[in-house]
Amino acid sequence: MATDMQLAQNTLSPDLANGSVFPRGKNILAVASGKGGVGKTFFSISLTHALSRMGKKALLFDGDLGLANVDVQLGLMPKRDLNDVIRGRLSLDKVVQRYEDGGFDIIAGRSGQASLSALPSQRLGMLRDQLIDLSDAYDVVVVDLGAGVDRTVRMFSACATRTLLVSTDEPTSLTDAYAFIKLGAAAGMSKNISIVVNMASSKAEGEKTYKTLLKACENFLRLSPPLAGMVRQDPKVKETIRHQTPLLMRSPNCDAAGDIEKIAQFAYKEMVDEAKALQKAMRG
Ligand SMILES: Nc1ncnc2c1ncn2[C@@H]1O[C@H](COP(=O)(O)OP(=O)(O)O)[C@@H](O)[C@H]1O
Ligand SMILES: [Mg+2]
């Protein structure tokens, strides 16, 4: 539960998207994208699964408040979800659901509930505070976000230890990823963004896509977001989603599975390093 202190803070600055004042988790990885349909939900599920297979105690939080679909991709029928928390019926820890097949926990969202994406800032702040509290019980929390940079995305991204920004090599996806970084910079969170290139036709193409984005960031924003890795386009992904089974269970040896395992290693280490740096900065 959020402490009185945290609530008071958020009441004083309900919509403050400033990294320095914002409460931040030490083990939260947010998954974001400029444009929808780039594979965020698939990637979030597979990343959480890979982290769990690395022996980490992991929680997947469906933070796409308008178009939640972690449960759909996994074929789950959650009895409780975020709606119960937002309506004040249950605390966040009470809607955690064990996903035995993947060995990790899930907090499901509620799809098509427009009211969830239009939550008052104070409610959203309470949800974030509950998530940060709950994260203490885990090694890592992965947050699947909605596309774009609306208030919900900004808030969760700013409280994350790092944000993994997913882009494909389509020009529109790239320009939207750039816009995300630019707007994020204005909100004080861009230093913590790493890039994931999804659906890359080859490693070389993925690398090229990243370089294009990096160049724009360096030239116009003076930022150099690192590459967390790339996930190749793989027919096994569609197949696995159709079967509502996680990729690392159904096709653990395919290209995309190996790519995601590599990213999980990288992102976990990056997150731990970031948390250490944060702690050091706080000690002064
Ligand atoms: N690496 C990949 N290879 C092939 N298809 C992919 C890959 N990643 C995602 N997809 C396809 O993209 C679709 C959209 O993915 P989804 O996770 O729902 O995106 P988002 O959450 O960003 O809207 C999936 O149904 C899947 O078919
Ligand atoms: Mg999604």
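A short tour of the structure in this document, coming up. In this text, all values refer to a predicted model and were calculated from it rather than measured experimentally. (Residues numbered from 1 in each chain as written. Chains lettered and ligands numbered in written order. Predicted model: local features only at pLDDT ≥ 70, side-chain atom pairs only at ≥ 80, totals over all residues.)

### Some thoughts on the overall build of the chain
In terms of regular secondary structure, the chain is built from 12 helices and 8 strands. Within the chain, the proportion of its 284 residues that are buried is 49%. (Helix = DSSP H or I, 4+ residues; strand = E, 2+ residues; numbered from the N terminus. Buried ≥ 20, exposed ≤ 12 C-beta atoms within 10 Å, placed from the backbone.)

### With respect to the packing of helix α2 (residues 40–53) against helix α12 (residues 255–283)
Working note: a packed helix pair is described by the angle between its axes plus the distance between those axes. Two elements in contact, α2 and α12, have axes whose closest approach is 9 Å; the angle formed by their N-to-C orientations is 70°. Taken together, α2 and α12 sit at an angle that is classed as roughly perpendicular. Along its contact with α2, which presents S46, L47, A50 and L51, the element α12 presents I260, E261, I263, A264 and Y268. Among the residues forming the contact of α2 with α12, the class breakdown is 7 nonpolar, 1 polar and 1 charged. (Axes fitted to C-alpha atoms, helices over the stretch in contact; angles between N-to-C directions. Parallel < 35°, antiparallel > 145°, perpendicular 65-115°, else oblique. Contact = placed C-beta atoms within 7 Å. Nonpolar A, V, L, I, M, F, W, Y, C, P; charged D, E, K, R; others polar.)

### Considering the environment of D176
On the secondary structure map, D176 appears in helix α8 (residues 171–186). In the structure, D176 is positioned 27 residues away from V149 in sequence and 10.0 Å away in space, judged by C-alpha atoms. Contact partners of D176, with chain neighbours within four places excluded, come to G34 and K35.

### Some thoughts on the pairing of strand β8 (residues 227–232)
Residues in a regular strand project their side chains so that they alternate between the two faces of the sheet. Across the 6 residues of β8, 5 count as buried, placing the element largely inside the fold. As defined by bridge partners, strand β7 (residues 193–200) adjoins β8 across 5 bridges and the pair is classed as parallel. Across the sheet, the residue bridging to N198 is V231, located in β8. Once the chain exits β7 it traverses helix α9 (residues 203–221) before rejoining the sheet at β8, and the crossover so formed is right-handed. (Pairing = 2+ DSSP bridges. Right-handed = clockwise from strand over helix to strand, strands pointing away.)

### A few points about unusual backbone geometry
Positive phi outside glycine occurs at M199, with the angle close to 60°. Along the polypeptide, M199 turns up in strand β7. With 23 C-beta atoms counted inside 10 Å, the residue M199 sits in the buried group. One non-glycine residue, R222, lies in positive phi territory at about 55°. Relative to the helices and strands, R222 resides in the loop between α9 and β8. The class for R222 is exposed, based on 8 C-beta atoms found within 10 Å.

### Some thoughts on the sheet that holds β8
Pairing is mixed across the open sheet formed by 8 strands, whose spatial order is β3-β4-β2-β5-β1-β6-β7-β8. Edge positions in the open sheet fall to β3 (96–99) and β8, since each of these has one partner strand only. Adjacent strand axes in the sheet meet at a mean angle of 25° when their direction is disregarded. As judged from the 5 bridges shared by strand β6 (residues 162–167) and β7, these two strands associate in the parallel manner. Across the sheet, L165 pairs through a bridge with I195, a residue of β7. Strands in contact with α2 are β1 (28–33), β2 (58–63), β4 (104–107), β5 (140–147), β6, β7 and β8; relative to β5, the strand with the most contacts, it is inclined by about 175°.

Interpretation in functional terms is not warranted from these geometric data alone.
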